[in-house]
Amino acid sequence: MKRTRVRFAPSPTGPLHMGGVRTALYNYLYAKQNGGDFVLRIEDTDSHRFVPGAEKYIIEALRWCGIYPDEGVDEQGNMVSVKSERHPHAPYRQSERRAIYRQYAEQLVEAGWAYYAFDSAESLEKARADAEARGETFIYNWSTRERLCNSLTMSAEECAARLKESSGWTVRFKMPKDRIVKMDDLIRGHIEVNSSTLDDKVLWKRADELPTYHLANIVDDHLMEITEVIRGEEWLPSLPLHYLLYEAFGWERPRFAHLSLLLKPVGNGKLSKRDGDKLGFPVFPMKWTSPEGEVSHGYREDGYFPEAFINMLALLGWNPGTEQEIFSLEELVKAFSVEKVIKSGAKFNPEKAKWFNKEYLRSKSDEELAALWMSELEERGVLAGSRVLAGSGVLAGSGVLAGSGEPSLATPEKVREIVALIKERATFVSDFWNISWYLFEAPKEYAPKDVAKFWKSENVEPALQACKECATGEELEEWIRSRELPMGKIMNCIRLVLSGSGSGLGIGDIIRFIGHDEVLRRWETAVEVLGR
RNA sequence: GGUGGGUUCGUAUAACGGUUAGUACUCAAGAUUCUCAAUCUUGCAAUAUGGGUUCGAUUCCCGUACCCACUACCA
């Protein structure tokens, strides 16, 4: 049995988007499930579209997701250029492999599977325009190659002379006429295409003296002993070419699986960078700043847990056939199967992404969540031991957590207790503050709508009296009940005083955290601001 | 235009050719609570379309419509 080897081969033309992450994930799951290798290869044969930083971003993004390539990337997160036991197929960047490809292009020409073409960009453009004028479509293949400028239409001498000139040349694949190419896809099943409809694809580019994707890809997949190619659907139309290339080289071909595309949440079409910015959700795993300075959101910075992100992505276009929805990476490795990958494109649903994060958030321990929240609390200056407000150098004195009666700051212990109280109400750690800020600071203003509703003397007087006499939520309830006063109205009046609005945590909980003295202090402020 | 792929509630999806077409998200209602959130219960809501094969079709075949991808010396 051959060892399973798959690869993820992105092009560093920009940040990896979530569709790319999903492709990488499926490859990774497939490799691990079969005890095989997951290789990362960088396909940078397009020198014009190269974007600095993109490669680094891709590697970092995969690491954030917990996807570590077995081959191609070293422990420091750099692409490997030198062969070693761990990385026997180095280099893994195609630009560093340029010397390898040339011979294969020539081999194909010698074997009659390809030919040299000398047509200028202008002449091809003209041919296209002429065809269009006649209402036809120009296609460089069996139907036209006899009339164009290539090694098939000129003498060997002339061709040799042309090759010596600096004018440049390309190598084109000589797509056979009328061959039914029979293909099999792990996801889509059997597919047949008549080769007559295909064109003579350029294999070797004159422009930068590099192979095109098609050549480099097949050569590298062969050299790197790839057994399964799992890639995006956009490659399906070139699958016949790739089949024929394997045949031309006489190589055993890998098995193929073409993944459907990720579609935008509304309307049609594939998910693009623009949609995210427009509809307010990230399409990238991490924040990305383009060389021009344009910033795009990332799941990481927006507060998503990598496990939630990965889980959500895994179920977008695949499901195990059971009703389980929450999967760890290890569970995904066990449950995944390419055959169950959905054929049709999946519209991405940002709401569901949030739901996943919420699920993961509540499954985390209070300690872990508290730890994640600490830096924000520190910046806000409400933490015991962090006296200085970030940037301002002002002493933090507004913290009022229960204790001595003097304004006091939150201890890690308190923070953990607060987290336990609020985590079920949050989707992100960044929601915590909005939910619980009034446990750390006294409200400075009061929601007008709730003031109008609850700040009435028939509520205010008993509410104040109750707060003076009771130290806990239970006592308060008993106090109100025994006097047969309207519970909701009185409680909301108190909540208004304590939190500045008519909605939020339970009164008992608030009092427990801020203490009785602080309750009375907040009453003083409220009466001052709102009158009686 | 050509070639290929696709089509089950709004979204993601389930259903050996036999199910009251299931589940989750969203939404709505009710329960609960001092409010909100959470939670629980209930509800709304789908097999694109026309033929065929079959005792029986979401499932198999053909046509149509619609959507997507590809159609570069991009990947």
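In case you missed it, the structure is sitting above this.
A quick note: this is a predicted structure, and the numbers were derived from the prediction, not measured.

**Student:** Describe the side chain of Arg22, with residues and values.
**Tutor:** Looking at the secondary structure, you find Arg22 in helix H1 (residues 18–33). At a separation of 2.3 Å, a polar atom in the side chain of Arg22 contacts the main-chain carbonyl oxygen of Ser260. With residues near it in sequence (within four places) discarded, Arg22 still touches Leu259, Ser260, Leu261, Leu262, Leu313, Leu316 and Gly317.

**Student:** I'd like a description of the nonpolar core, backed by residues and values.
**Tutor:** If you look at the biggest cluster of nonpolar residues, it comprises 153 residues, and the most contacted ones within it are Met18, Met312, Trp373 and Trp523. Ranked by the residues each element gives to this core, the list is headed by H1, at nine residues. Sequence-distant contacts of Met18, that is, excluding residues within four places in its chain, are made with Leu262, Leu271, Pro282, Val283, Tyr299, Phe309, Met312, Leu313 and Phe348. Within the second largest apolar cluster, eight residues are counted, among which are Ala117, Leu124, Ala131 and Tyr140.

**Student:** I'd love a proper account of the protein's contact with RNA strand B, names of residues and values included.
**Tutor:** The environment of RNA strand B is formed by 60 residues, the closest being Arg188, Lys205, Arg206, Asn319 and Arg425. Within 4 Å of the protein, atoms of RNA strand B come from sugar and phosphate in 72% of cases. In this structure, a base oxygen belonging to RNA strand B sits 2.7 Å away from a side-chain N or O atom of Arg495. At the level of elements, strand S4 (170–173), strand S6 (189–194), strand S7 (202–205), strand S14 (346–347), helix H11 (350–363), helix H18 (487–499) and helix H19 (507–514) are the ones that each hand at least two residues to the surface near RNA strand B.

**Student:** Could you give an account of the packing of aromatic side chains, with specific residues and numbers?
**Tutor:** By the definition in use, this model includes 26 aromatic pairs. The interplanar angle of 85 degrees and the centroid separation of 5.7 Å between the aromatic rings of Trp373 and Phe440 together place this pair among those described as edge-to-face. Note that Trp373 is positioned in helix H12 (residues 366–380) and Phe440 in the loop between helix H14 (432–436) and helix H15 (448–454), a separation of 67 residues in sequence. A relative accessible area of 0% places Trp373 in the buried class. You can call Phe440 buried: its relative accessible area is 1%. An aromatic cluster is present here, built from Trp64, Tyr299, Tyr304, Phe309 and Phe428 joined pairwise through their rings. One residue, Lys364, lies across the ring of Phe305, its end atom 4.6 Å from the ring centre. Positioned above the aromatic ring of Trp479 is the side chain of Arg483, whose terminal nitrogen or guanidinium carbon lies 3.9 Å from the ring centre.

What counts and how
- Residues numbered from 1 in each chain as written.
- Chains lettered and ligands numbered in written order.
- Predicted model: local features only at pLDDT ≥ 70, side-chain atom pairs only at ≥ 80, totals over all residues.
- Heavy atoms only, no water.
- Helix = DSSP H or I, 4+ residues; strand = E, 2+ residues; numbered from the N terminus.
- Polar contact = N/O pair within 3.5 Å; in protein donor to acceptor, adjacent residues only side chain to side chain.
- Contact = heavy atoms within 4.5 Å.
- Core = buried A, V, L, I, M, F, W, Y, C linked by side-chain atoms within 4.5 Å.
- Buried < 20%, exposed > 50% of the residue type's maximum accessible area, 1.4 Å probe, protein only.
- Near = heavy atom within 4 Å.
- Phe/Tyr/Trp six-rings, centres within 6.5 Å; stacked < 30°, edge-to-face > 60°.
- Lys NZ or Arg CZ within 6 Å of the ring centre and 35° of its normal.

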